[in-house]
Amino acid sequence: MQLTLSIRSALAAGAAATVLFAGAGAAAAAPVATVPAAAPAPSAAPAHSPYGQLRPLAALSAERLATADVVAAAKYGTGSPIDDPAREQEVLNSVAEQARQLGADPAATTRIFRDQIEANKVVQRGLYRQWDANPAQAPTERPDLQEVRKEINRINGELVRAVAASPQARSAPSCTPVLAGAALKVRAERKLDGLHTAALARSLRSVCAGA
C-alpha cells in the first residue's frame, strides 16, 4: 500500500494537470477499436542500473493498461462481466510457469500480475461508468477480444522477463522512489489521464519486495 501511495503522490501533479487541461469530462477517453500500438522506446539507461531494471516494468504495465480500453469496448453492452476468474487464473498459471522456466520467483511474479489484472479492471470499470453516464462517448465498434488477448499475452511475456531481470532493483531500499520516478516518466510519455494514472499506480503495487 505504501508503494501505491508513493507512486500516486509522484504522479498526482501530472494527473491533476491532465484533468485541468482536458476537462473533467475527458478524464477517460473512449478507446480505439484496435489493439494499441507498443509504447515508444524508453530513454536510454544502463540495463544493470536500478532505473534500467525498473523502468521496463512501469512501461510494460502502462502498455498492458492500454489494452483495458479495448477489452472494455469489446465487452461493453454485451453482458460479459469485467471479472473473469477463469481467464485470470489462466494468466496467473501461465506467468508462474514462465517465471519458473526463467529461474525467477513464481510467487513474486504472480503477486505482480494479480495487481496487473486488478489495475486492468480499474480502467474497465472507470470506462463503463463514463459510458453509462455519457452514452454518446460509448464505443461504436466492438473489437475482437481474441485478438486483444493475443496482444495481452505478448505483453505478459515481456513483463515476466522484466520481472525476472530485476530482482536486485526490486529488493533494493531505493526501489520505491526509483519505481515512482519511472512511473512518472511513463505517465508523461504516454500522456495518461487520471483514470489510467491511478491504474498504473495500482498495477505496480507489488513490484518492490516487501511493498
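Since the model is a prediction, treat every value here as computed from it, not as a measurement.

Confidence in the prediction of the chain, expressed as mean pLDDT, is 85, and 77% of residues score 70 or more. Every residue in residues 13–33 is under pLDDT 50, and counting partners more than four places away or in other chains gives 31 contacts. Within the model, pLDDT remains below 50 along residues 37–43, and this stretch shows eight contacts once partners closer than five positions in the same chain are excluded.

Let us look at helix α8 (residues 194–203). With respect to burial, α8 is a largely interior element, eight of its ten residues being buried. Among the residues of α8, Leu195, His196, Thr197, Ala199, Leu200, Ala201, Arg202 and Ser203 are the ones counted as buried.

Moving on: the state of the cysteines. For the structure on display, the rule yields one disulfide. Between the sulfur atoms of Cys175 and its disulfide mate Cys208 the distance is 1.9 Å. Between Cys175 and Cys208 the disulfide shows an S-S torsion of about -85°. By sign, it is left-handed. Of the two residues, Cys175 sits in helix α7 (residues 175–190) while Cys208 sits in the segment after α8, which places them 33 residues apart along the sequence. Grouping residues by exposure puts Cys175 and Cys208 together as buried.

Moving on, we get to the packing of aromatic side chains. Each aromatic ring pair is summarised here by two numbers: the centre-to-centre distance and the angle between the ring planes. Inspection of every chain in the model, using the stated rule, returns three aromatic pairs. Between Tyr76 and Trp131, the ring centres sit 5.0 Å apart and the planes meet at 70°, which makes this aromatic pair edge-to-face. Of this pair, Tyr76 sits in the loop between α2 (50–75) and α3 (85–101) while Trp131 sits in helix α4 (residues 106–133), and the two are 55 residues apart along the sequence. For the pair Tyr76 and Trp131, one class covers both residues: buried. When the ring of Tyr128 is compared with that of Trp131, the centres are 6.3 Å apart and the planes differ by 35°; the resulting orientation is tilted. With a gap of three residues between them, Tyr128 and Trp131 both fall in helix α4, about one helical turn apart.

Parameters and conventions
Residues numbered from 1 in each chain as written. Predicted model: local features only at pLDDT ≥ 70, side-chain atom pairs only at ≥ 80, totals over all residues. Heavy atoms only, no water. pLDDT = per-residue confidence, 0-100. Contact = heavy atoms within 4.5 Å. Buried < 20%, exposed > 50% of the residue type's maximum accessible area, 1.4 Å probe, protein only. Helix = DSSP H or I, 4+ residues; strand = E, 2+ residues; numbered from the N terminus. Disulfide = S-S within 2.5 Å. Phe/Tyr/Trp six-rings, centres within 6.5 Å; stacked < 30°, edge-to-face > 60°.

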